[in-house]
Amino acid sequence: MMDQIYIENLELFGYHGVLEQEQELGQKFVVSATLFLDTRRAGKTDSLKESLDYSEVCQKIKEIVERQCYLLIERVAEIIAEKLLLTFDLLKEVEITVKKPWAPVMVHLDTVSVTIRRKWHKAYLSIGSNIGDREGYLDQAVDYLNNEEDTRVTTVSDYIETEPWGDVEQDDFLNGALEIETLKTPRELLETAMAIEKEAHRERLVHWGPRTLDVDILFYDDEIIMEEDLKIPHVEIPKREFVLEPMVAIAPYHMHPVFHKSVSEMLEEVRREKT
């Protein structure tokens with residue numbers, strides 16, 4: 001459980017709403033924020049550098065609410081959460097409530113509000129290529145992710161040469177693993193992975209066939225997702241040495257949330273089965 005700083009009922013004036021008069025006349029909005037971070041060093045050192053300057057946080061919220069115009073308070077809350085997480089390095093998670101007093105809904109009420117919770121997520125990706133400039137394609141994937149405003153690559157494994165998987169005759173692969181921090185949801189991250197492959201002109205002509213670039217989501221926090229087009233953790237992880245070896249290089253003790261084994265343990269099992 002992380003420490004929390006509360007900002008309650010920050011009163012601001014904005015022009016958000018779907019009605020024309022709301023956008024012209026404006027009205028009061030009330031914003032509350034719960035900020036999740038580790039405040040221990042601040043408590044030990046009495047140094048503001050080790051914590052958040054909540055006056056700066058309030059100014060950032062004020063800028064968003066008063067300088068821009070949105071139709072929905074859902075959008076206002078989303079922008080506030082995203083900008084705070086991107087601006088303040090110590091901040092790991094936020095809960096934002098945006099209240100709209102006296103909303104024009106033709107019945108008496110005190111306020112309408114929306115509350116959202118957003119955080120930085122840790123995910124691991126596998127990247128591979130066996131066509132053309134293999135190393136260039138892998139570097140291209142890393143650069144693409146680093147250029148996304150809501151994602152940052154924190155660790156990149158060395159690239160390793162591996163034999164192709166499956167029965168299709170093809171050239172050897174160059175494979176790697178990435179650790180990233182992202183504000184994206186799992187599905188948004190999947191869409192990004194597919195966009196990276198598309199930029200590299202990936203063609204899906206043969207199952208397990210040659211490819212310019214393959215980007216797979218291995219883990220996303222400790223989530224377990226089993227949907228038709230999105231499975232996390234990746235179902236093939238325990239079988240694939242070429243995935244496990246670079247993963248072990250960057251996160252040897254990361255635990256599989258289904259099998260409750262570390263990636264190091266799974267790599268040892270794969271190698272024992274080969275002998």
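Conventions adopted
Residues numbered from 1 in each chain as written. Predicted model: local features only at pLDDT ≥ 70, side-chain atom pairs only at ≥ 80, totals over all residues. Heavy atoms only, no water. Pairing = 2+ DSSP bridges. Helix = DSSP H or I, 4+ residues; strand = E, 2+ residues; numbered from the N terminus. Axes fitted to C-alpha atoms, helices over the stretch in contact; angles between N-to-C directions. Buried < 20%, exposed > 50% of the residue type's maximum accessible area, 1.4 Å probe, protein only. Polar contact = N/O pair within 3.5 Å; in protein donor to acceptor, adjacent residues only side chain to side chain. Contact = heavy atoms within 4.5 Å. Expected span 1.5 Å × (residues − 1). Arc of directions from axis to C-beta.

Visitor: I keep staring at the sheet that holds strand 1 (residues 3–14) and nothing clicks. Help me out?
Guide: Paired through their backbone hydrogen bonds, the strands of a sheet run either parallel or antiparallel. Spatial strand order, 1-2-3-4: 4 strands in an open sheet with antiparallel pairing. Looking at which strands have only one partner, the edges of the open sheet turn out to be strand 1 and strand 4 (111–119). Averaged over all neighbouring strand pairs, the angle between strand axes comes to 15°, with direction disregarded. Sheet topology note: the strand 1/strand 2 (residues 27–37) ladder contains 10 bridges and is antiparallel.

Visitor: Can you walk me through the side chain of H16 in this structure?
Guide: Mapping H16 onto the fold places it in the loop between strand 1 and helix 1 (20–25). With a relative accessible area of 1%, H16 lands in the buried category. One polar contact links the side chain of H16 to the main-chain carbonyl oxygen of V65, over a distance of 2.8 Å. Here Y70 takes part through its backbone nitrogen, which lies 3.0 Å from a polar atom of the side chain of H16. Filtering out sequence-adjacent residues up to four positions away, H16 remains in contact with E22, Q27, F29, I64, V65, Q68, C69, Y70, L71, V76 and K100.

Visitor: What is the right way to look at helix 3 (residues 54–67) in this model?
Guide: Side chains three or four residues apart in an α-helix point the same way, a direct result of the helix having 3.6 residues per turn. A rise of 1.5 Å per residue sets the reference length of helix 3, with its 14 residues, at 20 Å; its end C-alpha atoms lie 20 Å apart and thus fit the reference within 8%. Within helix 3, the full set of buried residues consists of V57, C58, I61, I64 and V65. Each buried residue of helix 3 sits inside an arc of 125° when the element is viewed along its axis, so together they form one side. Along its buried surface, helix 3 packs onto strand 1, strand 2 and helix 4 (73–87).

Visitor: Explanation requested: helix 5 (residues 134–146) in the structure shown.
Guide: Under the 1.5 Å per step criterion, the end-to-end length of helix 5 is 19 Å for 13 residues, consistent within 8% with the ideal 18 Å. Every buried residue of helix 5 is listed here: Y137, L138, A141, V142 and L145. Each buried residue of helix 5 sits inside an arc of 140° when the element is viewed along its axis, so together they form one side. Where helix 5 is buried, its residues meet strand 5 (121–129), strand 6 (151–156), strand 8 (173–182), helix 6 (186–199) and strand 9 (214–220).

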